[in-house]
Amino acid sequence: MEFKRCVRCGCFFMADNDVCCNCQSKDRMDISKLNSILDETSFNSVQDLSIESGININNLNRFIANNQISGIDNISL
């Protein structure tokens, strides 16, 4: 395990993940929300998806980079 800074909230923690244990549940909720939104609607940009979902663009880009959400083939980064 490493001493890291959470990419979501900025707190320091010990783990192998990029986010602290408090933010892991927030990430799971956001990813679930995104997957359901993307199943219903298509978006042209990450900014549009951020506005519609209420999820920060930095978190969206992190989810996309880590292949954590599906249905984003047509979204421009």
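Whatever comes next refers back to the structure up there.
This section reports on the structure supplied with the text. (Residues numbered from 1 in each chain as written. Predicted model: local features only at pLDDT ≥ 70, side-chain atom pairs only at ≥ 80, totals over all residues. Heavy atoms only, no water.)

### So, the pairing of strand S2 (residues 12-15)
- With burial as the criterion, only one face of S2 is covered, namely that bearing Phe13 and Ala15; the residues Phe12 and Met14 on the opposite face remain uncovered.
- Both strand S1 (residues 2-5) and S2 contribute to a ladder of 4 bridges, which runs antiparallel. Residue pairing across strands places Glu2 opposite Ala15, the latter belonging to S2.
- Here S1 folds back onto S2 in antiparallel fashion, the turn holding 6 residues, of which Gly10 has a positive phi close to 90°. (Buried < 20%, exposed > 50% of the residue type's maximum accessible area, 1.4 Å probe, protein only. Helix = DSSP H or I, 4+ residues; strand = E, 2+ residues; numbered from the N terminus. Pairing = 2+ DSSP bridges.)

### A look at helix H1 (residues 21-40)
- With 20 residues, H1 should cover 28 Å at 1.5 Å per step; its first-to-last C-alpha distance of 30 Å lies within 8% of that length.
- Of all the residues in H1, the buried ones are Cys23, Asp27, Asp30, Ile31, Leu34, Ile37 and Leu38. The buried residues of H1 occupy an angular sector of 130° when the element is viewed end-on, so they sit on one face. Turned more than 90 degrees from where H1 packs its buried face, Cys21, Arg28, Met29, Asp39 and Glu40 sit exposed.
- Buried residues in H1 make contact with helix H2 (46-53) and helix H3 (57-65). (Expected span 1.5 Å × (residues − 1). Arc of directions from axis to C-beta. Contact = heavy atoms within 4.5 Å.)

### Observations concerning the side chain of Ser45
- Mapped onto the elements of the fold, Ser45 is located in the loop between H1 and H2.
- Judged by relative accessible area, Ser45 falls into the buried class, the value being 17%.
- At 3.0 Å, the side chain of Ser45 forms a polar contact with the backbone nitrogen of Asp48. (Polar contact = N/O pair within 3.5 Å; in protein donor to acceptor, adjacent residues only side chain to side chain.)

### Description of the pattern of salt bridges
- This model, assessed by the stated rule, comprises 4 salt bridges.
- Note that Asp18 is salt-bridged to Lys4, the shortest N-O span being 3.7 Å. In this pair, Asp18 sits in the loop between S2 and H1 while Lys4 sits in strand S1, placing the two residues 14 residues apart along the sequence.
- Between Asp27 and Arg62 there is a salt bridge, and its shortest N-O distance comes to 2.9 Å. You can see Asp27 sitting in helix H1 and its partner Arg62 sitting in helix H3, a full 35 residues away along the chain. Taken individually, Asp27 and Arg62 each receive the classification buried, so the pair is uniform in this respect.
- Each member of the salt-bridge network shares a partner with another, and the members are Arg8, Asp27, Asp30 and Arg62. (Salt bridge = Lys/Arg side-chain N within 4 Å of Asp/Glu carboxyl O.)

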